Amino acid sequence: MAQQVKQQPVRLSVGGMSCAGCVATVENALRAVPGVAEANVNFAEHTALVKGSAPVVALVQAITTAGYEAAELTADDDGSEKEAAEFAYYRSLLRRAGVAALVGAPLFVAGLLGLLPPLDSFTGRLFWLFAGVATLAVLIYSGGHFFTGAAKSFLAHHANMDTLIAMGTGSAWLYSLAVVIQPRLVPTLAQHAYFDAAAVIIALINFGSALEMRARGRTSEAIKRLISLRPKTARVVRNGEEIDVPIEDVGVDETLRVRPGERIAVDGIVIDGHSSVDESMLTGEPLPVAKQGGDEVVGGTVNVSGSFLFQARRIGSQTVLAQIVEMVRQAQSNKPAIGRLADRVSAVFVPSVLIIAALTLLIWLHLYPDPSYALVACMTVLIIACPCALGLATPMSIMVGVGKAAEYGVLIRNGEALQQSGRLTTVVVDKTGTVTSGKPTVTTVISLGQWPESQLLGLAAAVEAGSEHPLAAAVLDAFRASNPAHGDSDITAVAQDFEAISGHGVQARVDGQQVWFGNQRLMEMQGIDCQEVTAQLHQLAGEARTPVLLAIDKQLAGIIAVADPVKPDSRAAIRRMHDIGLRVVMITGDHQATADAVAAQVGIDEVLADVLPQHKADRVADLQQRGEVVAMVGDGINDAPALARSNVGFAIGSGTDVAIESADITLMRGSLHGVVDALQISRATLANIYQNLFGAFFYNALGIPVAAGILYPLAGVMLNPMLAGAAMALSSLTVVSNANRLRLYKVSGTGQQE
Amino acid sequence: MQGVMGFMLVLDALVVAVIVFIIWWFWLYKPKAVRSGNSAAAVEVLVADGTYTPARIEHTRGQPLLLRFLRRDPSPCAEKVLFTDLDISADLPLEQPVDVLIPAQTPAGEYGFSCQMQMYRGTLVVK
C-alpha cells in the first residue's frame, strides 16, 4: 500500500526559534526522523518544509522533543474539497436510486394492476427471464457496493448493513430466478417472482442514504461556521508598506493592519491605535470589547470601530480559533457511556439478525406448505433490521450538541462531560474571578483626622508602589484615576525603607513621616488604638469590603476599603441555575463575613468560607459524599484539583486560554451564564440521544418480529418487503433529522441583555 | 410423506449448521493479526468496502504506534475512525493518508476501533 500513498511536502510552523542557531537544531531534529528526505527551515517565516514519507505526527514530535513548538500548516482547509466529494457521492446515490426505481417501479405497479403475464406460459416465462436480467443489472449497477461490501466484510469476519441488504435482495433474486426457470420446484401458490421487490428495495435504500447524507451535512454546520471565521487574506506591514497577503503567508511577529469592519486574521497584541472588537462569535459575549496598546486580539473576531496595528503572536493551527475548531472536532467524535451501550448492541446486531432470519425461514417452512412465505419473511427480516439507526443515534446528537454549545462560547471537551452535565444537582462556584471580577478596586476612603482623603490615597499609593499584592494594584489604580497627572515615578520617589509585614500589611517612610498600611492586627502590633473604628470595620466587612487601615506617625489616619466587585451578570446567572433546580454553593478563602455579603448580593444557597486553596477539592468531595452530583466552576489554574475532583469541571476562560487541561468544559465568555447554557444544551442533547436510542431500539424490536410474520397468525397479514425497505431507509433518516432538530434549540434567558 | 419428513430434517440440520457457522465465523473466530514492526514505520490501514484492512493489529507495549489510515470509501460512514477507549479520533478525508499516533504508554489490552456507526470495526491488541 505504501506506494499508493501520496507523498506531499509538509509545511510546518515552528515556534520558539529565537536565533538563527535554532534553525540547525530544528533541521537536524527533522532529518533524524526516519523517512525524511529533505528538511529546510525558513527562519524569517518560522516555517519548515519537509519532504519525504515521514508522518506529520513524528515530525511534530521531533521538533517538540528538540524544545520548540510545531504545527502543520495546512493549505486553506475550508472543507470545500470534502464538500465537493460528498456532493459527488450524493449525486451518485441519487443516480443509483433512479436507475433501480426505473426497473422496480413499473414491475411493481404492473404487478399490482395484474398486468403481468403468469409464469406458466412460455411468453410469460420469457418476460420474467427478461425482468430477472434487468433486475440483475440493477443489483450490479445500483447495489454493487452492497455486494462487494458484504463479500469483503464476510472475508474479514465482519457483518454489517451491506451484509443484510445483499443477503435480502440477493436471496429474493435467486429464489425468483429459480421459480422462473423451474416453476415446478415449488407449489403452484408459491410461483411468484420477487424481482420488483429486490429493485425497489435497492432504490429506496440508496435514496434514503442520499437524504441521510444531506441531513448529515447539516450536523457539522457549527464547525463550518467556525472555519469560515478565518479570513482568507491579511494586511501585513512589510518594509513600511501595507500589502494584502494570503493568510498562510503571515508569519509570527509580523505587524498587521486591521481596518474598521475587518476580521482579525491571527492572534496577536495591539501595538498601535485603539478600537472595539466584537468577540461574540468566539466567546458568546454580546458587547464589543475595547482594545488598546498591549491588549490581546484573537483571530476570527471583528474589528468594529477604529483602525489599529497589531503584532502576530500565534498563527496557523496555534491560534485560538484553530484550537477551538480542533477541540470541537475532537469532542464531536467522542461518545458518552450511554453511546457505548448502543455500540455493544450494534456490535452483535447483524449476526443476531442473520440468526433470526435463519430461524424465521425454518419455522415458516415447518408451519406452512408455501415456501414463498418463508422466503418473504426471511427477506423482510434481513431488510427491515437497521443497525445504522442504532449506530447513528449517539454520534449525530453529539455532533449537533457540541457544535451548538460552541456557538454559545462553551467548549465541551468530551462526551462524558455532556452526559454528566445532564445529571448535576449542585454547582460549586469559586468566589474570586468567578462570581466576582477578580480585580479588587478601592470603593471607599474614610478620613479619621486632619488628612484629606486625596492625600490619604496618595500616601497609601506611595507605600504600596513597591508591593506586588493585589491590594496594591487596587490602591495604585485608584490613585491614578483620581490624579491623572501623576505617573508612577511621582509615587515611588517619595517612599523609603519599604517593608512588607507578611500577612498584615506594609510600612515605609514618606516625606519624613512613618506610614503603616495594613489590617487591624498590624495597628495593634504598633500599639495604635483601633477601638473607635471597630464598628466601621465591621460594617465594611458586612458589605463585602476589605478595610485597610492607614496610620501616620503612630496615629490612625484613615480607612481605605477595597472590594472585589461582583460581575454584573452573576446574580442573573445564579437565578437561572435555581430555575433549573440546582443548588449553588460558593467556595472561597475569604472570611465568612465578606463571603456572606457577596453571597447575599447574588443569591447563593450555601457558603463555604475560609477554605484554603488546597482544601477546595476536599469540600467538593464532601458534597459528593452527601450524594450530590457536583459541578465546580473556577479559573482552571488555582482550582485545578477541585475541578478535577468534581463530576464536571468548568473553567471560566479569559477568552484566549482555550485548552485548560483540568476542565471538562471551558467557558470562553467570563460569565456564569455559560455554566447554565452548557447545562441546558447538555440536557437537550442527552434528551435527544435518548429519543434516538429509544427510537432505534423500538424500531428494531418492533420491526423484526413483524417482518418475521408474527402478525400472520393473529391478523393474517405479512409485511411487504418493499415496505420494509422504505421503513429501513426512513429509520436512519429519522435519527439524523431528530438530531438536526437540536440545531434549533435555544437556551432560555441567556441574560445577554442584562 | 416420508420424503417430506426427511427433507425437513435435512433442512433443519442445514439451518442449525448455518447458525453455528454464523456464531463461529462472526463471533468466535479471531482474524489473523498484523504485527507492527519497528516503531519508525507506520502500519497502513486501508478503509474500503466496509472493512479495515488489516482489521486486527498487534503491537508491543512501550513503543508508540503509528497507524496510517487511507480512506477509499466515499460513504460518509467511513469518514471518522474512533478509538473510543483511548479517546483518540481522526477525520479521514477521501484518498488522503491520515496518521494516528497510539502513545507508547498505552496499557496492554484490546482496543476496538471503528467508524461512528460501528460498521467498520477493527481491533488493536497491545501486548
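What follows concerns the pattern of salt bridges. Residues and elements named next belong to chain A. Considering all chains together, one arrives at 30 salt bridges over all chains under this definition. Across the salt bridge formed by Arg238 and Glu254, the nearest N and O atoms sit 2.6 Å from each other. Pair noted here: Arg238 is in strand β5 (residues 233-238) and Glu254 is in the loop between β6 (241-246) and β7 (255-258), with a separation of 16 residues, a long-range link. Residue class for Arg238 comes out partly exposed when judged on its relative accessible area of 30%. Ionic pairing is found between Arg669 and Asp569, a salt bridge with its closest N-O pair at 4.0 Å. Of this pair, Arg669 sits in the loop between β26 (665-667) and α25 (673-708) while Asp569 sits in the loop between β21 (555-563) and α21 (570-579); the two residues are 100 residues apart in sequence, bridging distant segments of the chain. Using a relative accessible area of 7% as the deciding quantity, one classes Arg669 as buried.

The interface of chain A with chain B comprises 59 residues on the first partner and 46 residues on the second. Interface of chain A and chain B: buried area, both sides summed, is about 4,800 Å²; carbon and sulfur atoms make up 64% of it. Inspection of the chain A/chain B interface yields two salt bridges. Our count for the chain A to chain B interface comes out at seven residue pairs in polar contact (both at pLDDT 80 or more). When residues of the side of chain A that touches chain B are traced back to their parent elements, those giving at least two are α2 (56-65), α3 (80-112), α5 (144-155), α7 (195-219), α10 (320-332), α11 (337-367) and α13 (387-407) of chain A. Of the residues forming the side of chain A that touches chain B, the biggest block, 14 residues, is contributed by α11 of chain A.

Residue and element names in this part refer to chain A. Close contact between α3 and helix α4 (residues 122-141) brings their axes to 9 Å; oriented N to C, the two are set at 165°. As judged from the angle between their axes, α3 and α4 are roughly antiparallel. Relative to α4, α3 is oriented so that their crossing is left-handed. Listed contacts from α4 to Arg95, Arg96, Val99, Ala100, Val103 and Leu107 of α3 are Phe127, Trp128, Ala131, Ala134, Thr135, Val138 and Tyr141. Within the contact of α3 with α4, the residues separate by chemical class into 10 nonpolar, one polar and two charged.

Counted according to the given criterion, the structure contains 26 aromatic pairs over all chains. With a centroid separation of 5.4 Å and an interplanar angle of 80°, the aromatic rings of Phe127 of chain A and Trp128 of chain A are classed as edge-to-face. Owing to a relative accessible area of 29%, Phe127 of chain A belongs among the partly exposed residues under this scheme. Ring geometry for Phe154 of chain A versus Phe21 of chain B: centroids 6.1 Å apart, planes at 35°, classification tilted. One end of the pair, Phe154 of chain A, is in helix α5; the other, Phe21 of chain B, is in helix α1 (residues 2-28), on a second chain. Using a relative accessible area of 31% as the deciding quantity, one classes Phe154 of chain A as partly exposed. In this structure an aromatic cluster arises from ring pairing among Phe154 of chain A together with Phe21, Trp24, Trp25, Phe26 and Tyr29 of chain B.

Take the environment of Phe498 of chain A next. All names here are of chain A. One can find Phe498 in strand β17 (residues 495-501). When the C-alpha positions of Phe498 and Ala465 are compared, they lie 9.5 Å apart, and in sequence the two are 33 residues distant. Aside from chain neighbours lying at most four places away, what touches Phe498 is Val463, Gly466, Ser467, Val506, Gln507 and Ala508.

Cut-offs applied
Residues numbered from 1 in each chain as written. Chains lettered and ligands numbered in written order. Predicted model: local features only at pLDDT ≥ 70, side-chain atom pairs only at ≥ 80, totals over all residues. Heavy atoms only, no water. Salt bridge = Lys/Arg side-chain N within 4 Å of Asp/Glu carboxyl O. Helix = DSSP H or I, 4+ residues; strand = E, 2+ residues; numbered from the N terminus. Buried < 20%, exposed > 50% of the residue type's maximum accessible area, 1.4 Å probe, protein only. Contact = heavy atoms within 4.5 Å. Buried area = accessible area lost by both parts, 1.4 Å probe. Polar contact = N/O pair within 3.5 Å; in protein donor to acceptor, adjacent residues only side chain to side chain. Axes fitted to C-alpha atoms, helices over the stretch in contact; angles between N-to-C directions. Parallel < 35°, antiparallel > 145°, perpendicular 65-115°, else oblique. Left-handed = near helix turned anticlockwise from the far one by under 90°. Nonpolar A, V, L, I, M, F, W, Y, C, P; charged D, E, K, R; others polar. Phe/Tyr/Trp six-rings, centres within 6.5 Å; stacked < 30°, edge-to-face > 60°.

Structural measurements only, silent on function.
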